[in-house]
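Remarks on the overall topology
Residues per chain are reported as follows:
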Amino acid sequence: MDEQTAVPFIDVTREVDLAARFPEAVIVDVRKEYEGYIVNRDRLIEVATAIRDELGYDYLSSVTGVDYLPDGVMEVVYHVYKMTGGPGLVFKTQTPRDEAVVPSLVPVYPGADLQEREAWDLLGIRFEGHPDLRRILMWEGFAGYPLRKDWQEAYFEEEGKPFKNRWPDGQVYRIEDKNPYENNVQYPADFIPEEYEPENDALLYDSLKRSIRGRDPELETDVVMVNMGPQHPSTHGVFRIAVALEGEKIVALKPVMGYLHRNHEKIGERNTFLQNMPYTDRLDYLSSLSNNFGYALAVEKLMNVRPPERAEYLRVIMAELTRISNHIFAIGTFLNDLGAYFTPALYAIKERELILDIFEATTGSRMMCNYFRFGGVTRDLPEGIAEKIHRLVYDRLPQKVDELDLYLTNNEIVRSRTEGVGVLTAEQAIAYSAAGPVLRASGVPYDIRRADPYSIYDRFEFDVAVRYHGDTYDRYLIRIDEMRQSLRILQQAIKDLPEGSIQEGKPQYQVRVPAGEAYGRVEGPKGELGYYVISNGKPNPWRYHVRAPSFINLTGYETMCVGNKVADVVAILGSIDIVLGETDR
């Protein structure tokens, strides 16, 4: 391809004080250890537009709903950033809890689409003007909004852990045995399951019809609705793609998720802060250590602690090994999706297994590592593992990445199936809040490790990988590029790894987290992984929200697919590299 997309230029020099710019609509959030601005919901669209166009915060990272039950208020929290780099801006809007309605920001930031649907689904906040406000993780007949503080499941035991029957009493029993419901289900009043006619498919297909575009005006053809998944092999039994086809051309597409949803965030608000660490492993179960990293940063901000030098280096080493492990596996499975059944995947899995050997020796587990702690890590490198990492990152892995590049990059079938397919321009990628390889393959050189550095990433020399065509081929190439940059970081980290402590203070089974809010974000293998955490000073988080890149990167999936063939749907999905544990949470 000769045409290249480019990052749009935005003048970000006209900084203004938001409260001064909108004195009747905006106030500074003065709650202790909170930040940002509170915006009058009636002026939200106007203020958000000014934030984007006048202040230059062109990238919406996260939309989070919060239930302040004691105050009778629902709050929506927005984190926005500049694609030119630097720290973010936080603004919020509030609405009465018993009539929770706020304007949709999809017209300003299209990346709010799926995130607003999630807040509607789980918290019951209605976003007025949203183009497609349907449930997204729960089924349409579900009663209530499970992230509300007064919602209780059929097997409800207590609001927070540890449950009294476990500790300190030690009189363990099964709550199921004391619950009047025989099944873990709870129906609304007057609901008869046998007579229920689900409306979710009707709503889905109606949305699909409204979304149809790009039809041939000169041909009178039928549009056929087709479901790919959840039984489809490439969607792993837990993801569904509803497509509208004109012949073999895609004219509309809707991703359907929620088949793996387990309300990770509700569990997180019942857990203690420390109990949540192993739960983060289960989000992107291919990238456990990156998941640990983001959550640790958020809570450490609230606790105002910083890990020792050696712990910081160990964190970076584990995170970059995780990135390589993820990308090499993603390339192998992507080739599977193209039809190269399992031969490239086996080559990739072999190298991933060597990295998992490092994880197992260091953390005690190959996939669910539970390695990070607030203020450090759980244990040091065992004897001989530093040398093993050295051999891996200096000798074997560079050679194997080159081999993958040699075998696949100029393969004529790979190129014919991927070049010019599933294009997402730079402007579209920013608008849809795309992150990670998806964003950088569209010509946007934004990497949190460089743009808003965390931990000790500002000490390392590496380049932000970027490609400019925004197609499926470039999303493959960007992962090859990123593995090489990760190897550069690893070589420096291993060489400079200092001696010393791996934990600030002594290990704790319970931590005191001061009241306040914090957002911790990392450049995970799939993109920006963020954790928004609110503490009220008690052992359990008041709010625990995950900004999941696998979920948000699907916002632009329809745009990537429309105009392509039905055979391209799976290839494009493979190039996004989602994992359903993170998508559904």
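Residues numbered from 1 in each chain as written. Predicted model: local features only at pLDDT ≥ 70, side-chain atom pairs only at ≥ 80, totals over all residues. Heavy atoms only, no water.

Let's shift gears to the overall build of the protein chain. What the protein chain contains, in helices and strands, is 19 helices and 15 strands. A compact globule built from 585 residues would reach a C-alpha radius of gyration of about 25 Å, and the protein chain, at 24 Å, matches this within 12%. With the C-alpha coordinates of the protein chain rotated into their principal frame, the extents come out at 75 × 65 × 60 Å. The buried share of the protein chain, taken over its 585 residues, is 58%. Considering only intrachain contacts with a sequence separation of at least 6, the fraction spanning at least 24 residues in the protein chain is 69%. (Helix = DSSP H or I, 4+ residues; strand = E, 2+ residues; numbered from the N terminus. Rg over C-alpha atoms; globule rule 2.2 N^0.38 Å. Buried < 20%, exposed > 50% of the residue type's maximum accessible area, 1.4 Å probe, protein only. Contact = heavy atoms within 4.5 Å.)

A few words on the domain arrangement of the protein chain. For the protein chain, the assigned domains are domain 1 (18-128) and domain 2 (264-584). The centre of domain 1, based on its C-alpha atoms, is set 27 Å off from the matching centre of domain 2. Opposite the 34 residues of domain 1 that make contact, domain 2 presents 28 residues. Approximately 2400 Å² of surface area, both sides summed, lies buried where domain 1 meets domain 2, with 59% of it carried by carbon and sulfur atoms. Among the residues domain 1 hides against domain 2, the three largest losses belong to Y59, M83 and L114. Together they make up 24% of the total. Taken together, the links from domain 1 to domain 2 amount to one salt bridge. Salt-bridge contacts for K92 lead to E517; the nearest nitrogen and oxygen are separated by 2.7 Å. Taken together, the connections running from domain 1 to domain 2 amount to 15 residue pairs in polar contact (both at pLDDT 80 or more). (Domains from an automatic or database assignment. Buried area = accessible area lost by both parts, 1.4 Å probe. Salt bridge = Lys/Arg side-chain N within 4 Å of Asp/Glu carboxyl O. Polar contact = N/O pair within 3.5 Å; in protein donor to acceptor, adjacent residues only side chain to side chain.)

The biggest cluster of nonpolar side chains holds 163 residues, and the ones touching the most others in it are F91 and Y557. Each of domain 1 (18-128) and domain 2 (264-584) contributes no fewer than three residues to this core. Not counting residues within four places of it along the chain, the set of residues in contact with Y557 comprises I241, L253, P255, V569, I572, L573 and I576. Counting seven residues, the second-largest nonpolar core is a separate cluster that includes L208, A244, V251 and V256. (Core = buried A, V, L, I, M, F, W, Y, C linked by side-chain atoms within 4.5 Å.)

Their axes nearest at 9 Å, the elements helix 8 (residues 309-338) and helix 15 (residues 472-496) cross at an angle of 155°. Classified by the interaxial angle, the pair formed by helix 8 and helix 15 is roughly antiparallel. Note on packing geometry: the crossing formed by helix 8 with helix 15 is left-handed. Tallied by class, the residues present in the contact of helix 8 with helix 15 amount to 17 nonpolar, three polar and five charged. (Axes fitted to C-alpha atoms, helices over the stretch in contact; angles between N-to-C directions. Parallel < 35°, antiparallel > 145°, perpendicular 65-115°, else oblique. Left-handed = near helix turned anticlockwise from the far one by under 90°. Nonpolar A, V, L, I, M, F, W, Y, C, P; charged D, E, K, R; others polar.)

Turning our eyes to something else, we now look at helix 15. Each α-helix winds once per 3.6 residues, and so residues spaced three or four apart point in a common direction. Helix length check: helix 15 (25 residues) gives 37 Å between terminal C-alpha atoms against 36 Å at 1.5 Å per residue, within 8%. Here helix 15 lies mainly inside the structure; 20 of its 25 residues are buried. (Expected span 1.5 Å × (residues − 1).)

Moving on: the sheet that holds strand 9 (residues 240-246). The three strands are arranged 8-9-10 in an open sheet whose pairing can be described as antiparallel. Each edge of the open sheet carries a strand with a single partner, namely strand 8 (223-228) and strand 10 (249-256). Strand-to-strand, the axes of this sheet are offset by a mean angle of 20°, without reference to chain direction. Note: strand 9 against strand 10, seven bridges, orientation antiparallel. Paired with R240 across the bridge in strand 10 is V256. (Pairing = 2+ DSSP bridges.)

Take E199: it is sitting in the loop between strand 7 (126-128) and helix 4 (200-210). The spatial distance from the C-alpha of E199 to the C-alpha of D17 is 47 Å, given a sequence separation of 182 residues.

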